[in-house]
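Single-letter residue listing:
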Amino acid sequence: TVQRVPEAVVKVLPRNSNDIKAAGRHLDYIGRYGELELEGDDGERLQGRIGNALLEDWDLDLDQVRRQTGLTAVNGRKPPKLIHKLMFSMPPGTPPEKVLGAVRNLAREQFALQHRYAFVLHTDEPHPHVHLVLKAVSEQGVRLNIKKATLRHWRSEFARHLRLLGVAANATERAVRGESGSSKMD
């Protein structure tokens, strides 16, 4: 931290992931409508407008039907998320392929054989970043609720995987860095 090692960033993107159409649109968007190749949890490379096909493979249509029949609706609250939209990024100058490799390794370690996921690298902005779409309910039927501690853990793991690939990365908590309050939204 004192040496100004770049900080790893992990964000949960805004909601709009509680219906199958919105989830499909997000997958098509991060794949740049067929221009970029997504990588699935099984290592398969997916190209084209695959959003709806991928979600069908994940059986999200069944989750949505269960919700609509009232099996998971609670006290008139918004329906639960079908997917979590995560973004992992590093400052400009970080090798994009290393960011992608770190996310691939983290996802395999944290989610393999539990939650289905797909991810893609974006290099259209100065800071390389990877979008990861994660099925909210595991293959065993357990819902993943992301808490602040979960995000801190993923951030430290992302930084650890970057360091294993030879990239200087840190996951220092805001208070330790001398910052207060939350960061500005992009």
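Since the model is a prediction, treat every value here as computed from it, not as a measurement. (Residues numbered from 1 in each chain as written. Predicted model: local features only at pLDDT ≥ 70, side-chain atom pairs only at ≥ 80, totals over all residues. Heavy atoms only, no water.)

## Description of the overall build of the protein
- A tally of regular secondary structure across the protein gives five helices and six strands.
- When the helices and strands of the protein are listed from N to C terminus, the series reads β-α-β-β-α-α-β-α-β-β-α.
- When contacts within the protein are restricted to residue pairs at least 6 apart in sequence, those whose partners lie at least 24 apart make up 68%.
- Of the accessible surface of the protein, which amounts to about 10,600 Å², a share of 51% is contributed by carbon and sulfur atoms. (Helix = DSSP H or I, 4+ residues; strand = E, 2+ residues; numbered from the N terminus. Contact = heavy atoms within 4.5 Å. Areas by Shrake-Rupley, 256 points an atom, 1.4 Å probe, with all protein chains shown as cover.)

## Concerning the packing of helix α4 (residues 96-111) against helix α5 (residues 148-164)
- Look at α4 against α5: their axes get within 9 Å of each other, and the N-to-C directions meet at 130 degrees. As the angle between them shows, α4 and α5 are arranged oblique. Pair α4 / α5 crosses with right-handed handedness. Contacts between α4 and α5 involve K98, V99, A102, V103, N105, L106, E109, Q110 and F111 from the first element and H153, W154, E157, F158, R160, H161 and L162 from the second. (Axes fitted to C-alpha atoms, helices over the stretch in contact; angles between N-to-C directions. Parallel < 35°, antiparallel > 145°, perpendicular 65-115°, else oblique. Left-handed = near helix turned anticlockwise from the far one by under 90°.)

## Remarks on the nonpolar core
- F88, M90, F111, L132, L134, F158 and L162 are the most contacted members of the largest nonpolar core, which totals 24 residues.
- The set of elements that each furnish at least two residues to this core consists of β4 (83-89), α4, β5 (117-122), β6 (129-135) and α5.
- Among all residues touching F88, those that are not within four sequence positions of it are V9, V10, V99, V103, L106, P128, H129, V130, L132 and F158.
- One finds L55, W58, L60 and A118 within the second-largest nonpolar core, a separate group that totals 15 residues. (Core = buried A, V, L, I, M, F, W, Y, C linked by side-chain atoms within 4.5 Å. Buried < 20%, exposed > 50% of the residue type's maximum accessible area, 1.4 Å probe, protein only.)

## A closer look at α5
- With 17 residues, α5 extends 24 Å between its outermost C-alpha atoms, agreeing within 8% with the 24 Å of an ideal straight helix rising 1.5 Å per residue.
- Within α5, burial applies to W154, R155, E157, F158, A159, H161 and L162.
- G166 lies just past α5 and shows a positive phi near 90 degrees. (Expected span 1.5 Å × (residues − 1).)

## A short note on the pattern of salt bridges
- A complete count under the given rule lists ten salt bridges for this structure.
- Here R32 and D124 are joined by a salt bridge, their closest N and O atoms 2.6 Å apart. Note that R32 is positioned in the loop between α1 (20-30) and β2 (38-40) and D124 in the loop between β5 and β6, a separation of 92 residues in sequence.
- In this structure, R116 and D57 form a salt bridge, with 3.1 Å as the shortest nitrogen-oxygen distance. With a gap of 59 residues between them, R116 in the loop between α4 and β5 and D57 in helix α2 (residues 51-57) connect regions that are remote in the sequence. (Salt bridge = Lys/Arg side-chain N within 4 Å of Asp/Glu carboxyl O.)

## Some points on α1
- For α1, the full list of buried residues reads A22, A23, G24, H26, L27, D28 and I30.
- Where α1 starts, the residue carrying a side-chain oxygen 3.0 Å from the main-chain nitrogen of K21 turns out to be D19. (Polar contact = N/O pair within 3.5 Å; in protein donor to acceptor, adjacent residues only side chain to side chain.)

## Some points on the pairing of β4
- β4 sits mainly inside the fold: seven of its seven residues count as buried.
- Residues I83, K85, M87 and S89 of β4 are buried on one face, and the alternating residues H84, L86 and F88, pointing to the opposite face, are buried as well.
- Taken together, the four bridges between strand β1 (residues 9-12) and β4 define a ladder with antiparallel strand orientation. Each bridged residue has a counterpart across the sheet, and for V9 the counterpart in β4 is S89. (Pairing = 2+ DSSP bridges.)

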